[in-house]
Amino acid sequence: MVGTAPLTAPWSNWAGNQRGSATAILRPGSPDEVAEAVRDAAAVGGRIRVAGSGHSFTAVALADDRRMELSELETGVSVDVARRLVTVPAGMPLHTLNGLLARHGLALPNLGDIDAQTIAGAISTGTHGTGAGYGCLSTFVEALTLVTGTGEVLHCSADEHPDVFAAARVSLGALGVLVEVTLRCVDAFVLHAHERPAALDDVLGDLPALIGRHDHVEFYWFPYTSRVQVKANDRVPANDRPLSRWRGWLDDDFLSNRVFAGACRLGRAVPALAPGISAVSARALTERRYTGRSDRVFCTPRRVRFVEMEYGLPRAALPEALAALRRIVDELPFKILFPVEVRFTAADDIWLSHGYGRDNAYIAVHQYVGMPYEPYFQAFEQVTAALGGRPHWGKLHYRDAASLAEAYPRFADFRAIRDRLDPHRVFASPHLTHVLGA
C-alpha cells in the first residue's frame with residue numbers, strides 16, 4: 001500500500017520563498033502504488049503534486065491537497081555500459097546518479113551547476129547547463145515511464161507514444177508522475193576548467209569565438225562594475241592538474257560561500273555598501289586552472305540562499321538584453337548583491353523546452369534572501385519577453401498561459417496531451433492553472 005503520513009510539517013523549498021501544507025503525504029514504493037494513489041485521488045476529485053528536493057523557485061511543486069514524495073520509490077537500476085544507457089528511478093537525486101555512472105565508467109554529457117535535484121525535477125523544469133552543442137538535461141532522456149491522471153502506466157520513447165514523449169520530457173509535472181527514466185550517457189570524461197576575470201565588453205566582443213572554441217562556457221557579471229568572471233570547461237584526456245584540497249576549500253567553500261554569505265549579510269544591513277562589495281567580489285576571484293571528473297567540475301556547492309529568475313533568449317539578443325539589464329540595476333531604488341549568470345545551450349525539439357527550435361543564451365538574475373527583488377525581476381522580464389524570451393520553468397517569473405502560448409509554438413499541442421492524460425486534473429495546482437490555463 002502507498003505510504004501516507006498525516007500533515008505534521010509544512011513544506012518549503014530550498015530558498016524558503018515557497019511554503020505550503022498538504023492534506024496528506026504520499027510515499028509510494030512502486031509504480032503500482034503510484035497508480036493506486038492517483039486513482040484514489042481521481043475518485044474523490046483530489047489533487048496530487050510531486051515534490052522533489054525543492055530547488056525550484058516557483059510554486060511548481062507546491063501542493064494544496066496531497067503531496068507525493070518519490071524518495072522511497074524503487075523501480076530497479078539497469079546500466080548497459082556497451083550501449084551507454086542507464087535506467088533509474090525518477091526520484092533519484094542527480095548526485096547519486098553521477099556517482100552510479102562514475103562507478104560504471106559513464107557520465108552525463110552535461111550538467112547544471114548544482115546536483116541536489118531529483119532526476120524527475122530536473123528534467124520536468126528544463127534544467128540545463130551550458131555549452132553551445134548541448135541542450136537541456138531532458139535531451140539526454142531516451143525513454144520514460146509515466147503514471148497518468150487516470151492511473152495508467154505509460155512507457156514512452158521516440159518510438160512508443162512519441163507525442164507524449166515530446167511533451168513529457170519537460171512537463172512541469174502536469175501530465176503525470178515520472179517513475180522511471182532511461183538516460184543516454186557518454187564514456188566518463190575529464191574536464192579542464194579555466195576561470196578568469198575579464199572586462200564585460202571584451203567578452204561580448206569575442207562572444208561567438210569564445211562560445212565556439214570551448215565545450216562549455218559561461219560568465220558572471222558583477223553589478224555596478226564592468227567586470228565578469230569567465231568559466232570555460234573543455235574535455236581533456238587526463239586528470240593531470242587536479243585542484244588541491246586547500247585551493248578547492250579556499251575558493252569554493254570559504255570565498256564563494258562563507259565569505260560571500262558574510263558580504264551579503266553586510267550588504268543587506270547596509271545597502272549603500274553593495275556596489276563596493278560587488279567590486280571587491282569581482283577582484284577577489286582570481287584566475288585558476290584545474291582538471292577533474294566531469295560532474296565534480298560542472299557542479300559546485302551553493303549554500304548562500306537566494307531567489308532567481310532566468311530567461312532563455314535567442315542568442316543574438318544577448319547584448320541588447322544585458323545593456324538593458326545594466327540600466328535597470330543602476331536605476332533600482334535598492335541594491336543587488338548577487339552576480340548575473342550567462343549561459344548557452346543548443347536547440348532541441350521538446351515542446352516546452354526553453355530551447356525549442358533555437359539556440360539560446362540564458363541570463364539568470366539573483367537576489368539575496370530577505371532583500372527586495374520583485375521590481376528588479378519584473379523590469380528584467382519586460383525586457384526579455386519583448387526579445388522573445390522564455391522563462392525557466394523552475395525560476396521565478398510572472399508570465400501567464402496566454403503570454404506563454406505566444407512563446408512556445410507547441411503550447412496548444414502540450415495542452416491537448418494534458419487533456420488526454422489528465423482529464424480530471426489530478427495533477428493541477430493554482431500555479432499550473434496560471435501558467436498552462438484551466
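Structure shown above.
Note that the structure is predicted; figures quoted are calculated from it, not measured.

1. Re the sheet that holds strand β15 (residues 216-221)
With antiparallel pairing, the eight strands of this open sheet are ordered in space as β17-β14-β16-β15-β19-β20-β18-β21. Looking at which strands have only one partner, the edges of the open sheet turn out to be β17 (288-293) and β21 (390-391). Pairing of β15 with strand β19 (residues 340-345) involves three bridges; the strand directions are antiparallel. Bridging from a neighbouring strand, W221 pairs with V340 of β19. Each of β18 (306-314), β19 and β20 (360-368) is contacted by helix α11 (residues 374-386), which is oriented at about 5° to β18, the strand it contacts most.

2. A few points about the packing of aromatic side chains
The tally for this structure, following the rule as stated, stands at ten aromatic pairs. Seen from their ring centres, W393 and Y408 are 5.4 Å apart, and the 25° between their planes marks the pair as stacked. Note that W393 is positioned in the loop between β21 and α12 (401-407) and Y408 in the loop between α12 and α13 (411-421), a separation of 15 residues in sequence. Assigned by exposure class, W393 and Y408 land together as buried. Sitting over the ring of Y408, R390 keeps its end group 5.3 Å from the ring centre.

3. Some thoughts on the environment of A199
Mapping A199 onto the fold places it in strand β14 (residues 190-199). Look at A199 and you get partly exposed, because its relative accessible area is 23%. If we ignore the near neighbours within four places in the chain, the residues touching A199 are S226, R227 and V228.

4. Re the nonpolar core
Counting 62 residues, the largest nonpolar core has L97, L183 and L352 as its most contacted members. Residue contacts for L352: discarding those within four places in its chain leaves V170, L172, W393, Y408, F411, F414 and L436. Grouped together as the second largest cluster of nonpolar side chains are 51 residues, F57, L210, A274 and F377 included.

5. Regarding the sheet that holds strand β11 (residues 153-157)
Here we have five strands laid out as an open sheet, ordered β7-β8-β12-β10-β11, and antiparallel in their pairing. Two strands bound the open sheet, and with one partner strand each, they are β7 (78-80) and β11. Each adjacent strand pair in this sheet contributes to an overall mean axis angle of 15°, direction not counted. Here helix α1 (residues 31-43) sits on the sheet and contacts β10 (141-148), β11 and β12 (176-184); the angle it forms with β10, its principal contact strand, is near 40°.

6. Regarding the pairing of β18
Burial of β18 is extensive: eight of the nine residues sit out of reach of the surface. Of the pairings in the sheet, the one linking β18 to β20 comprises nine bridges and is antiparallel in character. By the bridge assignment for β20, E310 is matched with A364. When β18 meets β21, the two strands line up antiparallel, connected through two bridges. Of the residues in β21, the one forming a bridge with G312 is R390.

7. Details of the pairing of strand β8 (residues 85-89)
Summarising burial for β8: five of the five residues are buried, a large majority. Here β7 runs beside β8; their pairing, made up of three bridges, is antiparallel. Looking at β8, one finds that V79 is bridged to V86. The turn linking β7 back onto β8 is made up of four residues, and R84 within it adopts a positive phi angle of 60°. The pairing of β8 with β12 spans five bridges and is antiparallel. Each residue of the ladder has a partner; that of L85, found in β12, is R184.

8. Considering the pattern of salt bridges
Applying the stated criterion across every chain yields a total of 19 salt bridges. The salt bridge partner of E142 is R184, with a shortest N-O separation of 3.3 Å. Highlighted residues: E142 in strand β10 and R184 in strand β12, separated in sequence by 42 residues. For E142, a relative accessible area of 32% puts it in the partly exposed group. Among the salt bridges present, the one from R425 reaches D419, with a minimum N-O distance of 2.6 Å.

9. Some details on helix α2 (residues 94-103)
Burial in α2 covers these residues: L94, L97, N98, G99, L100 and L101. Immediately beyond the C-terminal end of α2, within one or two residues, lies G105, with a positive phi of roughly 75°.

10. Structural notes on the environment of P314
For P314, the location among the structural elements is in strand β18. Along the sequence, P314 and H214 sit 100 residues apart, while their C-alpha atoms lie 20 Å from each other.

11. Some points on the packing of helix α10 (residues 318-331) against α11
Contact geometry of α10 with α11 gives a least axis separation of 10 Å together with a crossing angle of 155°. Judged on the interaxial angle alone, α11 and α10 are roughly antiparallel. Classified by chirality, the crossing of α11 by α10 is right-handed. Counted together, A321, A324, L325, I328 and V329 of α10 and Y376, A379, F380 and V383 of α11 form the full contact between these two elements.

Conventions we followed
Residues numbered from 1 in each chain as written. Predicted model: local features only at pLDDT ≥ 70, side-chain atom pairs only at ≥ 80, totals over all residues. Heavy atoms only, no water. Pairing = 2+ DSSP bridges. Helix = DSSP H or I, 4+ residues; strand = E, 2+ residues; numbered from the N terminus. Contact = heavy atoms within 4.5 Å. Axes fitted to C-alpha atoms, helices over the stretch in contact; angles between N-to-C directions. Phe/Tyr/Trp six-rings, centres within 6.5 Å; stacked < 30°, edge-to-face > 60°. Buried < 20%, exposed > 50% of the residue type's maximum accessible area, 1.4 Å probe, protein only. Lys NZ or Arg CZ within 6 Å of the ring centre and 35° of its normal. Core = buried A, V, L, I, M, F, W, Y, C linked by side-chain atoms within 4.5 Å. Salt bridge = Lys/Arg side-chain N within 4 Å of Asp/Glu carboxyl O. Parallel < 35°, antiparallel > 145°, perpendicular 65-115°, else oblique. Left-handed = near helix turned anticlockwise from the far one by under 90°.

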